[in-house]
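A structural walkthrough
This is what each chain is made of:
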Amino acid sequence: MDWLDFDTDNCSVQRTLDVIGDRWSVLVLREVFNGVRRFDRIKQHTGISDSVLSDRLRRLLDAGVLVASEYREPGSRRRKEYRLTDAGLDLQPVLISMLRWGDKHRADPAGPSLNVVHRGCGAPVRTEIVCDAGHPVPQREVRNEPGPGARKRATGPVV
């Protein structure tokens, strides 16, 4: 089997990148995972512009990653707070993997700036590849094969 024989138009990685494949979307998600859920606070903590933040929040809302709920502080107008949906929570292992990769390959000399720990015992949290039968799988023992949505390329392999 040659992967170049298959079309990539319906690739789930590509579709995921359509939702979170830019720096600002990932940083907005980082903030929401860290409990920063309000527009002004996200803007202040990331340095993102109003227009870019508005665009990324709209895209994450449209994709079903975030949901907005209104709040109102005394004497102020109504505003929105952003929370993760189940689809958003499913991105947590992605962000943890990115964090751990950064800690290993791009860490500050002083060490990581964030520790993700289990609330129950305080131990660090990591991601792991596990098959559906429950077996931990070493990275080099993973193989890819066409899934039910795979389609052969109409024009043949890329040269």
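Residues numbered from 1 in each chain as written. Predicted model: local features only at pLDDT ≥ 70, side-chain atom pairs only at ≥ 80, totals over all residues. Heavy atoms only, no water.

Okay, the overall build of the protein chain next. Each helix and strand counted, the protein chain has six helices and two strands in total. Taken over C-alpha atoms, the radius of gyration comes to 20 Å for the protein chain, far larger than the 15 Å a tight globule of 159 residues would show. The principal-axis extent of the C-alpha atoms belonging to the protein chain is close to 65 × 40 × 35 Å. Evaluated residue by residue, the protein chain yields a buried proportion of 22% over its 159 residues. Considering only contacts in the protein chain between residues 6 or more positions apart, those separated by 24 or more positions represent 51%. Counting only carbon and sulfur atoms, one obtains 50% of the accessible surface of the protein chain, whose full area is about 11900 Å². (Helix = DSSP H or I, 4+ residues; strand = E, 2+ residues; numbered from the N terminus. Rg over C-alpha atoms; globule rule 2.2 N^0.38 Å. Buried < 20%, exposed > 50% of the residue type's maximum accessible area, 1.4 Å probe, protein only. Contact = heavy atoms within 4.5 Å. Areas by Shrake-Rupley, 256 points an atom, 1.4 Å probe, with all protein chains shown as cover.)

Before going further, it helps to examine the side chain of Glu31. You can see Glu31 is positioned in helix α2 (residues 23–33). A polar atom in the side chain of Glu31 sits 2.6 Å from the side chain of His45. Non-local contacts of Glu31, meaning those with residues more than four positions away in its chain, are made with Val36, Ile42, His45 and Thr46. (Polar contact = N/O pair within 3.5 Å; in protein donor to acceptor, adjacent residues only side chain to side chain.)

Val28, Leu29, Leu60 and Leu66 are the most contacted members of the largest nonpolar core, which totals 17 residues. Among the secondary structure elements, those contributing two or more residues to this core are α2 and α4 (50–62). Per-element accounting of this core gives the leading share, five residues, to α2. (Core = buried A, V, L, I, M, F, W, Y, C linked by side-chain atoms within 4.5 Å.)

A few words on α4. Because an α-helix completes one turn every 3.6 residues, residues spaced three or four positions apart along the sequence face the same direction. Helix length check: α4, at 13 residues, gives a terminal C-alpha distance of 18 Å against a target of 18 Å (1.5 Å per residue), a fit within 8%. Every buried residue of α4 is listed here: Leu53, Asp55, Arg56, Leu57 and Leu60. Looking at the packing, one finds that the buried side of α4 touches α1 (12–20), α2, α3 (39–46), β1 (66–71) and β2 (79–84). (Expected span 1.5 Å × (residues − 1).)

This part is about the environment of Ser25. Position of Ser25 relative to the elements: it lies in helix α2. For the pair Ser25 and Leu53, spaced 28 residues apart in sequence, the C-alpha separation works out to 8.4 Å. Residues in contact with Ser25, not counting those within four places in the same chain, are Val19, Ile20, Arg56, Arg59 and Leu60.

For the structure shown, the criterion picks out one aromatic pair. Summarising the aromatic geometry, the rings of Trp3 and Phe6 are spaced 5.6 Å apart at their centres and angled 55° between planes, so their arrangement reads as tilted. Of the residues examined, Trp3 reaches a relative accessible area of 42% and is grouped as partly exposed. One cation-aromatic arrangement involves Lys152 over Phe6; the distance from NZ or CZ to the ring centre is 5.0 Å. (Phe/Tyr/Trp six-rings, centres within 6.5 Å; stacked < 30°, edge-to-face > 60°. Lys NZ or Arg CZ within 6 Å of the ring centre and 35° of its normal.)

All right, on to the pattern of salt bridges then. A pair can form between side chains of opposite charge whenever their charged atoms are brought close. Within this structure, the stated rule accounts for 15 salt bridges. A salt bridge links Arg30 to Glu31; its shortest N-O distance comes to 2.6 Å. On the basis of relative accessible area, Glu31 is assigned to the buried category, the value being 0%. Note that Asp103 and Arg100 form a salt bridge whose closest N and O atoms lie 2.9 Å from each other. Here Arg100 and Asp103 lie together in helix α6 (residues 92–105), a separation of three residues that amounts to about one turn. Since its relative accessible area comes to 21%, Asp103 is described here as partly exposed. In this structure, a network of salt bridges that share partners links the residues Asp22, Asp55, Arg56, Arg58 and Arg59. (Salt bridge = Lys/Arg side-chain N within 4 Å of Asp/Glu carboxyl O.)

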